[in-house]
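# Overview (structure and organization)
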Amino acid sequence: MTWVNAVVQGIMLGGLYSLFATGLSLIFGVMRVVNLAHGVFTILAAFLALVVVEHIGVNPLVALVIVVPLMFAIGYVLQRSLVNFTLGAGVLPPLLVTFGLAVVIENILLKVFSADSRGLDAGRIENISVRLTDWVAVGWLPLTIFLVAVFLLVTLQLFFDRTMFGRALRATSDDPGAAQLMAIDTRHLYAVAMGISLAIGGVAGVLLGVRTTFGPLDGSVLLIFAFEAVIIGGLGSMWGTLVGGVVLGIAQTIGAQLSPGWFQLSGHLVFLAVLAVRPTGLFARAGASE
Amino acid sequence: MSRQVGVERSTVASRWGAVVFAGGVAILAAAPFLFVTSVLRTLVQFFYLLALAQMWNLLAGYAGLVSIGQQAYVGIGAYALLAFTNNVGLNVFLSVFLAAVVAAVLSVPTAALLFRLRGGYFAIGTWVVAEVYRLLVANTQRLGGGSGATLAVAGIDRTVRENWTYWIAFAVGIGSVLLVYYLLRTRLGLALRAVRDRESAAQTLGIAVLQAKIQAYVLASTVCGLTGAVTYLSLLRLQPAATFSVNWTVFMIFAVVIGGIGTISGPIVGTIVYFLLQQYLADLGSIYLIILGTVAILVMLKAPRGLWGWVMETWNVRFFPVQLRVRTVEASGGGSGTGASSEPQPLHRGSIDK
């Protein structure tokens, strides 16, 4: 029964991973850029929530109301002031600039908050759980996080499919030049996309902080988890990302069940196995191979 | 008055540079007889950092591959050295070279997996691979597990060990520069530069793009493995978190970007700059890294060809010319052969992939 339990916990964890992954995948989909600072920004959001909680004394889930718009603003400004200038000159400039940014922010966090692990206390919800069977119980908190993740993914999918902005985004993704001819301001659009990406990262970061502890140096691991979820699921597919996150989560919890040191390693190995057997991912959209 | 057109590779700077380079190398080769131990240790550090920077430049500057996981091979080289020396009981200096073989052997299947990813995703993929190697080592108790191990060198005379460590590091550092210089003048080097400048055009000209990139990756990984072994021959104390630290790659990126990507002199300049900054600023800890990161971002945005690129543009000097250049020579007038009527223009300018 511990195995069933491990799988259930893995699914819950996977919801969170799919949130990390969605922001990364969105930016790649729109401007073919991999934001190497994505994980660090997720951690930054958790620390922002910590500051809000300490100063105002609200529940961290309420702090989302402040943190998420703030992350959107950071993303917008970041894109307009920095990342936009790296586009169009090959793969190197955006990678190196976002990597440099990750190093800078990580060390600023280290300087301000020290290397200690922190946590966000969401109160009673952390201790109550639902019994599925006599042996399997799911905490309300992981379940809520999972449901929030699914809800956000559905909302985003609808947003991209149904709205004018979503259409502009998809058009720019297909052909930025043609989109510009159709009077789409790509610089603004990229900035909004980065804002959305970091806002989702903000939700993910705060939920992560409530679920477990976090420290300034955890950003790189989150970036790797996000990336693995994207690749396992298949590029360009929102549902693939959810499945990718869940597969990664299950791999990790089952690995941890085998040996405590295998939590991360088993996730990585499943990722490499998918890469070896099915490099386009489990749910690749046709023509989204790049 | 007829004009003759000639093709040449060397420049005035490269001919004088070769003389200065040879002199410098001769002095450095004799360093164990000239300098005290602390100077030797500093030079060893400089050499292994230089080798790492050269290899990262070979990948990013010439093969168009951005890897943020080269620390994988630093760690593999270091731990292979540990395994051959401590567990098998071989001579520690012999083990350094066997460690390079291990890195080469492991880089081939790794490349087979990683080359399924492209661009930015390739970059994170290399990082995952480095993490996998780190976790595998950390879970292996015979290699010291997560807390690490120390290289068993108690049986070797201290002076002998330090001198030979120096000479191996010296050979690896200088050798890495010469290797890249030689490589770029071969067929593979020409292919790599073509791929970097425009991949699709190179492909239509019949260059086996993927093959060229894999060759560059395996070569760079082998040398990184060798360098990792040399590094820990000098440091002696191994620990998975430090040996497989992404900071190795942070350094490589910094040195190459600041110095000038896609040139051979660039990583040398970058390593010197990094080295000087480190001597004075390393005590600042995280502030030091904040400065490094900010400088790298600014260089990337404002002067993407780096310090050396700026020097080349301003004074037109090339110490390691790899491209053939056309120069016209006045046949009459009896000037010396190098009395060019026009400033020699490179056929190919070493630009970052545009």
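Residues numbered from 1 in each chain as written. Chains lettered and ligands numbered in written order. Predicted model: local features only at pLDDT ≥ 70, side-chain atom pairs only at ≥ 80, totals over all residues.

### As for helix α6 (residues 164-174) of chain A
Residue and element names in this part refer to chain A. Among all positions in α6, only L169, T172 and S173 are buried. Each buried residue of α6 sits inside an arc of 105 degrees when the element is viewed along its axis, so together they form one side. Opposite the buried face of α6, by more than 90 degrees, sit the exposed residues M164 and D174. Of the surrounding elements, those touching the buried residues of α6 are α1 (2-31), α5 (140-162), α7 (176-181) and α8 (186-211). (Buried ≥ 20, exposed ≤ 12 C-beta atoms within 10 Å, placed from the backbone. Helix = DSSP H or I, 4+ residues; strand = E, 2+ residues; numbered from the N terminus. Arc of directions from axis to C-beta. Contact = placed C-beta atoms within 7 Å.)

### Considerations on unusual backbone geometry
Residue and element names in this part refer to chain A. Here the phi dihedral of R32 falls at roughly 55 degrees; this positive angle occurs in a residue that is not glycine. With respect to the helices, strands and loops of the structure, R32 is situated in the loop between α1 and α2 (38-56). Take R32: there are 16 C-beta atoms within 10 Å of it, and that puts it in the partly exposed class. The phi dihedral of S114 is positive, around 65 degrees, even though this residue is not glycine. Take S114: it is sitting in the loop between α4 (92-113) and β1 (129-131).

### Some words on the packing of helix α3 (residues 37-62) of chain B against helix α7 (residues 158-184) of chain B
All names here are of chain B. Following both chains from N to C, one finds α3 and α7 inclined at 25 degrees, their axes separated by 9 Å at the closest point. With respect to their mutual orientation, α3 and α7 come out roughly parallel. For the pair α3 and α7, the sense of crossing is left-handed. When α3 is examined against α7, the residues T37, L40, L43, V44, F47, Y48, L50, A51, Q54, M55, L58 and Y62 are found in contact with a partner set consisting of E162, T165, Y166, A169, F170, V172, G173, S176, V177, V180 and L184. Within the contact of α3 with α7, the residues separate by chemical class into 17 nonpolar, five polar and one charged. (Axes fitted to C-alpha atoms, helices over the stretch in contact; angles between N-to-C directions. Parallel < 35°, antiparallel > 145°, perpendicular 65-115°, else oblique. Left-handed = near helix turned anticlockwise from the far one by under 90°. Nonpolar A, V, L, I, M, F, W, Y, C, P; charged D, E, K, R; others polar.)

### Considerations on the confidence of the model for chain A
In this model, chain A carries a mean pLDDT of 89, and residues with pLDDT of at least 70 account for 97%. Ranking the helices and strands of chain A by mean pLDDT puts α2 of chain A first, with 95, and β1 of chain A last, with 78. (pLDDT = per-residue confidence, 0-100.)

### With respect to helix α5 (residues 92-114) of chain B
Residues and elements named next belong to chain B. In this model α5 runs 32 Å from its N-terminal to its C-terminal C-alpha over 23 residues, within 8% of the 33 Å that 1.5 Å per residue would give. Within α5 the residues assigned to the buried category are V92, S95, V96, A99, A100, V102, A103, L106, S107, T110, A111 and L114. Of the surrounding secondary structure, the elements contacted by the buried residues of α5 are α4 (71-88), α6 (119-138), α7 and α10 (209-235). (Expected span 1.5 Å × (residues − 1).)

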